[in-house]
Amino acid sequence: MDYENEKIVFRDFYDTSRDTMASAKATMETLLRSLLATDPAIAAAKVEGRVKDREECLSKFRRKYQTALESTKTPYSIRTHITDLLGLRIVCFYEDDVERVRDLVSGEFEVLEITDKTAQMQGTDNAFGYKGLHMDLRLTEGRRGMKEYAAYADYPFELQIRTVVQDSWSVLDHKIKYKKSIPLDLKRRINTLAALFELADREFRAIREGTTEALDRTEEYGTIEAESANPEPEPVSTPTGKRSGGYTPLDAFSLLRIARHFFKDGEFEPPQNRWLHAGDYEARPRHFAGQVQLLHEGDDRRRPAIQD
(Lines give C-alpha, C1' and ligand atoms only; values in the text may rest on other atoms or scores of the structure.)
Protein backbone atom coordinates (compact mmCIF):
# COMPACT_ATOMS: atom_id res chain seq x y z
CA MET A 1 0.00 0.00 0.00
CA ASP A 2 3.04 2.27 -0.39
CA TYR A 3 2.26 4.26 -3.53
CA GLU A 4 5.74 5.75 -3.83
CA ASN A 5 7.32 2.31 -3.75
CA GLU A 6 4.77 0.89 -6.20
CA LYS A 7 5.42 3.80 -8.51
CA ILE A 8 9.12 2.92 -8.64
CA VAL A 9 8.31 -0.73 -9.34
CA PHE A 10 5.96 0.22 -12.15
CA ARG A 11 8.46 2.58 -13.78
CA ASP A 12 11.15 -0.10 -13.70
CA PHE A 13 8.78 -2.61 -15.27
CA TYR A 14 7.72 -0.13 -17.96
CA ASP A 15 11.26 0.86 -18.92
CA THR A 16 12.55 -2.71 -19.15
CA SER A 17 9.51 -3.89 -21.09
CA ARG A 18 9.18 -0.97 -23.51
CA ASP A 19 10.51 -2.84 -26.57
CA THR A 20 8.52 -5.99 -25.83
CA MET A 21 5.33 -3.96 -25.45
CA ALA A 22 5.95 -2.20 -28.75
CA SER A 23 6.47 -5.57 -30.43
CA ALA A 24 3.33 -6.97 -28.79
CA LYS A 25 1.30 -3.99 -30.07
CA ALA A 26 2.52 -4.52 -33.63
CA THR A 27 1.81 -8.26 -33.43
CA MET A 28 -1.74 -7.71 -32.18
CA GLU A 29 -2.37 -5.17 -34.94
CA THR A 30 -1.28 -7.69 -37.56
CA LEU A 31 -3.42 -10.42 -36.02
CA LEU A 32 -6.50 -8.18 -35.92
CA ARG A 33 -6.04 -7.11 -39.55
CA SER A 34 -5.76 -10.75 -40.58
CA LEU A 35 -9.00 -11.56 -38.75
CA LEU A 36 -10.89 -8.62 -40.26
CA ALA A 37 -9.78 -9.67 -43.75
CA THR A 38 -11.82 -12.86 -43.39
CA ASP A 39 -15.09 -10.86 -43.47
CA PRO A 40 -15.56 -8.65 -46.56
CA ALA A 41 -18.09 -6.46 -44.74
CA ILE A 42 -15.49 -5.21 -42.24
CA ALA A 43 -12.22 -5.92 -44.06
CA ALA A 44 -11.66 -2.20 -44.72
CA ALA A 45 -11.86 -1.22 -41.04
CA LYS A 46 -8.83 0.68 -39.77
CA VAL A 47 -6.63 -0.88 -37.08
CA GLU A 48 -4.28 1.20 -34.98
CA GLY A 49 -2.58 0.91 -31.61
CA ARG A 50 -0.35 2.53 -29.04
CA VAL A 51 1.59 1.80 -25.88
CA LYS A 52 0.21 4.02 -23.13
CA ASP A 53 2.62 6.64 -21.85
CA ARG A 54 4.26 5.72 -18.56
CA GLU A 55 3.31 8.85 -16.64
CA GLU A 56 -0.18 8.77 -18.07
CA CYS A 57 -0.55 5.28 -16.58
CA LEU A 58 0.39 6.58 -13.16
CA SER A 59 -1.99 9.52 -13.49
CA LYS A 60 -4.85 7.18 -14.40
CA PHE A 61 -4.13 4.95 -11.41
CA ARG A 62 -4.16 7.88 -8.99
CA ARG A 63 -7.38 9.25 -10.46
CA LYS A 64 -9.38 6.03 -10.65
CA TYR A 65 -8.00 3.52 -8.14
CA GLN A 66 -5.61 4.79 -5.50
CA THR A 67 -8.05 6.44 -3.13
CA ALA A 68 -10.52 3.54 -3.11
CA LEU A 69 -7.81 0.92 -2.64
CA GLU A 70 -6.03 2.71 0.17
CA SER A 71 -9.27 3.62 1.97
CA THR A 72 -10.09 -0.07 2.21
CA LYS A 73 -6.47 -0.98 2.96
CA THR A 74 -6.35 -3.26 -0.07
CA PRO A 75 -2.84 -4.22 -1.28
CA TYR A 76 -2.30 -3.32 -4.90
CA SER A 77 0.06 -3.39 -7.85
CA ILE A 78 -0.23 -0.49 -10.25
CA ARG A 79 0.36 -2.65 -13.30
CA THR A 80 -2.64 -4.92 -12.65
CA HIS A 81 -4.99 -1.91 -12.72
CA ILE A 82 -3.73 -0.48 -16.02
CA THR A 83 -5.65 -2.72 -18.39
CA ASP A 84 -5.02 -0.46 -21.37
CA LEU A 85 -1.24 -0.42 -21.13
CA LEU A 86 -1.48 -1.83 -24.64
CA GLY A 87 -4.32 -0.13 -26.46
CA LEU A 88 -5.67 -1.07 -29.87
CA ARG A 89 -8.51 0.44 -31.81
CA ILE A 90 -10.65 -0.70 -34.72
CA VAL A 91 -12.50 2.05 -36.56
CA CYS A 92 -15.25 0.76 -38.84
CA PHE A 93 -17.78 2.52 -41.03
CA TYR A 94 -21.22 1.70 -39.62
CA GLU A 95 -22.85 1.03 -36.26
CA ASP A 96 -23.75 -2.58 -37.04
CA ASP A 97 -20.13 -3.22 -38.05
CA VAL A 98 -19.20 -2.82 -34.38
CA GLU A 99 -21.19 -5.95 -33.53
CA ARG A 100 -19.61 -7.90 -36.39
CA VAL A 101 -16.13 -6.99 -35.14
CA ARG A 102 -17.05 -7.87 -31.56
CA ASP A 103 -18.33 -11.30 -32.55
CA LEU A 104 -15.29 -12.01 -34.68
CA VAL A 105 -12.79 -10.93 -32.03
CA SER A 106 -14.61 -12.77 -29.22
CA GLY A 107 -14.06 -16.05 -31.01
CA GLU A 108 -10.33 -15.51 -31.41
CA PHE A 109 -9.26 -13.97 -28.08
CA GLU A 110 -9.95 -14.60 -24.44
CA VAL A 111 -12.41 -11.93 -23.30
CA LEU A 112 -11.65 -10.57 -19.83
CA GLU A 113 -14.23 -7.79 -19.70
CA ILE A 114 -16.56 -5.85 -22.01
CA THR A 115 -17.71 -2.27 -21.48
CA ASP A 116 -20.47 -1.23 -23.86
CA LYS A 117 -20.51 2.56 -23.67
CA THR A 118 -23.15 2.74 -26.40
CA ALA A 119 -25.58 0.69 -24.31
CA GLN A 120 -24.82 2.82 -21.26
CA MET A 121 -25.56 6.00 -23.19
CA GLN A 122 -28.76 4.64 -24.73
CA GLY A 123 -29.98 3.77 -21.23
CA THR A 124 -30.45 7.47 -20.49
CA ASP A 125 -32.92 9.84 -22.14
CA ASN A 126 -31.13 13.13 -21.49
CA ALA A 127 -27.45 12.43 -22.03
CA PHE A 128 -25.22 12.25 -25.06
CA GLY A 129 -21.55 11.54 -25.30
CA TYR A 130 -18.89 9.11 -26.34
CA LYS A 131 -20.12 5.79 -27.71
CA GLY A 132 -18.10 2.71 -28.45
CA LEU A 133 -17.30 -0.78 -27.29
CA HIS A 134 -14.29 -1.52 -25.07
CA MET A 135 -13.01 -5.07 -24.69
CA ASP A 136 -10.25 -6.23 -22.36
CA LEU A 137 -8.60 -9.15 -24.15
CA ARG A 138 -5.65 -11.45 -24.06
CA LEU A 139 -4.35 -14.22 -26.24
CA THR A 140 -6.11 -17.56 -25.97
CA GLU A 141 -4.38 -20.41 -24.22
CA GLY A 142 -3.69 -22.03 -27.59
CA ARG A 143 -1.94 -18.96 -28.98
CA ARG A 144 -0.02 -18.34 -25.76
CA GLY A 145 1.55 -21.74 -26.29
CA MET A 146 2.81 -20.87 -29.77
CA LYS A 147 6.43 -19.75 -30.09
CA GLU A 148 5.56 -16.65 -32.08
CA TYR A 149 3.21 -15.44 -29.35
CA ALA A 150 4.87 -16.79 -26.20
CA ALA A 151 6.69 -13.53 -25.45
CA TYR A 152 3.36 -11.66 -25.30
CA ALA A 153 1.45 -14.15 -23.16
CA ASP A 154 1.48 -11.83 -20.12
CA TYR A 155 0.35 -8.74 -21.98
CA PRO A 156 -3.42 -8.28 -22.05
CA PHE A 157 -4.70 -5.31 -24.02
CA GLU A 158 -7.73 -3.09 -24.41
CA LEU A 159 -9.51 -3.04 -27.77
CA GLN A 160 -11.77 -0.11 -28.59
CA ILE A 161 -14.26 -0.64 -31.42
CA ARG A 162 -15.82 2.50 -32.86
CA THR A 163 -17.43 3.91 -35.95
CA VAL A 164 -15.78 6.74 -37.87
CA VAL A 165 -18.27 9.19 -36.34
CA GLN A 166 -17.75 7.86 -32.81
CA ASP A 167 -14.00 8.13 -33.26
CA SER A 168 -14.31 11.76 -34.31
CA TRP A 169 -16.48 12.57 -31.32
CA SER A 170 -14.10 10.81 -28.91
CA VAL A 171 -11.37 13.34 -29.75
CA LEU A 172 -13.51 16.15 -28.43
CA ASP A 173 -15.00 14.10 -25.61
CA HIS A 174 -11.55 13.22 -24.29
CA LYS A 175 -10.62 16.89 -24.04
CA ILE A 176 -13.80 17.82 -22.21
CA LYS A 177 -14.53 15.05 -19.72
CA TYR A 178 -11.61 15.77 -17.41
CA LYS A 179 -12.51 19.43 -16.96
CA LYS A 180 -13.42 20.22 -13.37
CA SER A 181 -16.16 22.70 -14.14
CA ILE A 182 -18.16 23.28 -17.31
CA PRO A 183 -20.78 26.08 -17.50
CA LEU A 184 -24.37 24.88 -17.93
CA ASP A 185 -24.87 26.61 -21.27
CA LEU A 186 -21.71 24.95 -22.60
CA LYS A 187 -22.91 21.55 -21.41
CA ARG A 188 -26.13 22.06 -23.37
CA ARG A 189 -24.17 22.94 -26.48
CA ILE A 190 -21.96 19.89 -26.03
CA ASN A 191 -25.01 17.62 -25.72
CA THR A 192 -26.50 19.18 -28.84
CA LEU A 193 -23.31 18.50 -30.76
CA ALA A 194 -23.13 14.93 -29.46
CA ALA A 195 -26.72 14.37 -30.58
CA LEU A 196 -25.79 15.53 -34.08
CA PHE A 197 -22.92 13.04 -34.16
CA GLU A 198 -25.32 10.29 -33.10
CA LEU A 199 -27.75 11.30 -35.83
CA ALA A 200 -24.93 11.26 -38.38
CA ASP A 201 -24.13 7.64 -37.49
CA ARG A 202 -27.74 6.63 -38.07
CA GLU A 203 -27.93 8.53 -41.35
CA PHE A 204 -24.75 6.92 -42.68
CA ARG A 205 -26.24 3.52 -42.00
CA ALA A 206 -29.58 4.47 -43.59
CA ILE A 207 -27.78 5.80 -46.68
CA ARG A 208 -25.80 2.57 -46.97
CA GLU A 209 -28.96 0.46 -46.79
CA GLY A 210 -30.78 2.69 -49.29
CA THR A 211 -27.83 2.56 -51.68
CA THR A 212 -27.67 -1.21 -51.43
CA GLU A 213 -31.37 -1.54 -52.21
CA ALA A 214 -31.07 0.80 -55.20
CA LEU A 215 -28.10 -1.14 -56.58
CA ASP A 216 -29.94 -4.42 -56.11
CA ARG A 217 -32.91 -3.07 -58.04
CA THR A 218 -30.65 -1.79 -60.82
CA GLU A 219 -28.93 -5.16 -61.07
CA GLU A 220 -32.29 -6.93 -61.12
CA TYR A 221 -33.54 -4.69 -63.95
CA GLY A 222 -30.34 -5.32 -65.88
CA THR A 223 -30.82 -9.07 -65.53
CA ILE A 224 -34.41 -8.83 -66.76
CA GLU A 225 -33.39 -6.75 -69.77
CA ALA A 226 -30.58 -9.17 -70.63
CA GLU A 227 -32.92 -12.13 -70.41
CA SER A 228 -35.48 -10.32 -72.55
CA ALA A 229 -32.87 -9.55 -75.19
CA ASN A 230 -31.47 -13.09 -75.15
CA PRO A 231 -34.21 -15.39 -73.90
CA GLU A 232 -33.20 -18.86 -72.86
CA PRO A 233 -34.74 -21.43 -75.21
CA GLU A 234 -37.15 -23.72 -73.40
CA PRO A 235 -37.73 -27.29 -74.61
CA VAL A 236 -41.34 -28.03 -75.52
CA SER A 237 -43.27 -31.28 -75.75
CA THR A 238 -44.22 -32.64 -79.19
CA PRO A 239 -47.26 -34.81 -79.97
CA THR A 240 -44.95 -37.85 -79.83
CA GLY A 241 -44.05 -37.00 -76.26
CA LYS A 242 -40.43 -36.20 -77.10
CA ARG A 243 -38.76 -32.89 -76.28
CA SER A 244 -38.16 -30.72 -79.30
CA GLY A 245 -34.86 -29.04 -80.13
CA GLY A 246 -35.20 -26.40 -77.42
CA TYR A 247 -37.08 -23.61 -79.20
CA THR A 248 -40.78 -22.85 -78.89
CA PRO A 249 -42.43 -23.24 -82.30
CA LEU A 250 -43.52 -20.00 -83.93
CA ASP A 251 -47.28 -19.74 -84.42
CA ALA A 252 -49.68 -16.99 -85.37
CA PHE A 253 -50.12 -15.83 -81.81
CA SER A 254 -46.41 -15.58 -80.89
CA LEU A 255 -45.69 -13.96 -84.26
CA LEU A 256 -48.36 -11.36 -83.58
CA ARG A 257 -46.82 -10.50 -80.22
CA ILE A 258 -43.39 -10.15 -81.80
CA ALA A 259 -44.71 -7.98 -84.61
CA ARG A 260 -46.53 -5.71 -82.18
CA HIS A 261 -43.35 -5.33 -80.12
CA PHE A 262 -41.08 -4.27 -82.98
CA PHE A 263 -43.64 -2.48 -85.19
CA LYS A 264 -45.80 -0.61 -82.73
CA ASP A 265 -47.50 1.52 -85.43
CA GLY A 266 -48.37 -1.41 -87.69
CA GLU A 267 -51.86 -2.82 -88.28
CA PHE A 268 -52.02 -6.55 -87.75
CA GLU A 269 -55.70 -7.17 -87.07
CA PRO A 270 -57.66 -8.77 -89.97
CA PRO A 271 -60.82 -6.97 -91.19
CA GLN A 272 -63.83 -7.72 -89.05
CA ASN A 273 -65.96 -8.82 -92.03
CA ARG A 274 -63.48 -11.30 -93.38
CA TRP A 275 -64.61 -14.93 -93.43
CA LEU A 276 -62.56 -18.07 -93.57
CA HIS A 277 -63.58 -21.20 -95.46
CA ALA A 278 -62.75 -24.39 -93.67
CA GLY A 279 -61.58 -25.92 -96.91
CA ASP A 280 -58.86 -23.30 -97.37
CA TYR A 281 -56.66 -24.90 -94.72
CA GLU A 282 -56.31 -28.32 -93.27
CA ALA A 283 -56.82 -27.20 -89.71
CA ARG A 284 -56.81 -23.84 -87.99
CA PRO A 285 -57.52 -23.03 -84.31
CA ARG A 286 -60.15 -20.56 -83.42
CA HIS A 287 -61.21 -19.09 -80.07
CA PHE A 288 -64.75 -19.68 -79.02
CA ALA A 289 -66.01 -19.13 -75.44
CA GLY A 290 -62.47 -19.66 -74.16
CA GLN A 291 -62.09 -23.02 -75.92
CA VAL A 292 -59.81 -23.92 -78.84
CA GLN A 293 -61.60 -25.80 -81.62
CA LEU A 294 -60.33 -27.13 -85.00
CA LEU A 295 -61.98 -26.59 -88.33
CA HIS A 296 -61.52 -29.83 -90.28
CA GLU A 297 -61.37 -30.05 -94.01
CA GLY A 298 -64.80 -30.87 -95.37
CA ASP A 299 -66.66 -28.72 -92.86
CA ASP A 300 -68.61 -26.50 -95.20
CA ARG A 301 -69.74 -24.10 -92.55
CA ARG A 302 -68.29 -20.63 -92.70
CA ARG A 303 -66.29 -19.44 -89.73
CA PRO A 304 -65.19 -15.93 -88.80
CA ALA A 305 -61.50 -15.15 -89.25
CA ILE A 306 -59.22 -15.83 -86.29
CA GLN A 307 -59.11 -12.95 -83.87
CA ASP A 308 -56.27 -12.39 -81.42
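In this report, we go over the structure that sits alongside the text.

Each value, and the rule that gives it
Residues numbered from 1 in each chain as written. Predicted model: local features only at pLDDT ≥ 70, side-chain atom pairs only at ≥ 80, totals over all residues. Heavy atoms only, no water. Buried < 20%, exposed > 50% of the residue type's maximum accessible area, 1.4 Å probe, protein only. Helix = DSSP H or I, 4+ residues; strand = E, 2+ residues; numbered from the N terminus. Pairing = 2+ DSSP bridges. Phe/Tyr/Trp six-rings, centres within 6.5 Å; stacked < 30°, edge-to-face > 60°. Salt bridge = Lys/Arg side-chain N within 4 Å of Asp/Glu carboxyl O. Axes fitted to C-alpha atoms, helices over the stretch in contact; angles between N-to-C directions. Contact = heavy atoms within 4.5 Å.

Here we take up the pairing of strand E5 (residues 157–163). Burial within E5 is extensive, with 7 of its 7 residues counted as buried. Side-chain alternation along E5 places Phe 157, Leu 159, Ile 161 and Thr 163 on one buried face and Glu 158, Gln 160 and Arg 162 on a second face that is also buried. Looking at chain direction, strand E2 (residues 86–92) and E5 are connected through 6 bridges and run parallel. If you follow Gly 87 over to E5, its bridge partner there is Glu 158.

Below, the discussion takes up the packing of aromatic side chains. Describing an aromatic ring pair means giving the distance of the ring centres and the angle of the ring planes. A full pass over the atoms with the stated rule returns 7 aromatic pairs. Judged by centre distance (6.2 Å) and plane angle (50°), the rings of Phe 10 and Phe 13 are tilted. Linking Phe 10 with Phe 13, this pair stays in helix H1 (residues 3–36), spanning 3 residues, or about one helical turn. When the centroid spacing of 5.5 Å and the interplanar angle of 85° are considered together, the rings of Phe 109 and Phe 157 count as edge-to-face. Taken together, the positions of Phe 109 in the loop between helix H4 (95–106) and strand E3 (110–116) and Phe 157 in strand E5 put the pair 48 residues apart, joining distant regions of the chain. The same class applies to Phe 109 and to Phe 157, which are both buried. Three or more aromatic residues joined by ring pairs form one cluster here, namely Tyr 3, Phe 61, Tyr 65 and Tyr 76.

Another aspect to go through is the pattern of salt bridges. Side-chain pairs of opposite charge can arise where the charged atoms are in close proximity. Using the criterion set out here, one finds 20 salt bridges in the structure. The partner of Glu 4 in a salt bridge is Lys 7, and the shortest N-O contact between them spans 3.2 Å. Here the residue Glu 4 and the residue Lys 7 both occupy positions in helix H1, the gap between them amounting to 3 residues, near one helical turn. Residue class for Glu 4 comes out partly exposed when judged on its relative accessible area of 45%. What you see here is one network of salt bridges that share partners, running through Arg 11, Asp 15, Arg 18, Arg 54 and Glu 55.

The strand order across the open sheet formed by 5 strands is E1-E2-E5-E4-E3, and the pairing between neighbours is mixed. Of all strands in the sheet, those with a lone pairing partner are strand E1 (46–51) and E3, marking the two edges. The average angle at which neighbouring strand axes cross in this sheet is 20°, direction not considered. Note: E3 against strand E4 (residues 133–138), 6 bridges, orientation antiparallel. By the bridge assignment for E4, Glu 110 is matched with Arg 138. Sheet strands touched by H1: E1, E2 and E5. Its angle to E1, the strand with the most contacts, is close to 170°. Sheet contacts for H4: E2, E3, E4 and E5; angle to E5, the most-contacted strand, approximately 155°.

With respect to the helices and strands, the residue Ile 161 is situated in strand E5. Residues Ile 161 and Ala 45, spaced 116 residues apart in sequence, show a C-alpha to C-alpha distance of 9.9 Å. Non-local contacts of Ile 161, meaning those with residues more than four positions away in its chain, are made with Ile 90, Cys 92, Val 98, Val 101, Arg 102, Gly 132, Leu 133, Met 135 and Gln 166.

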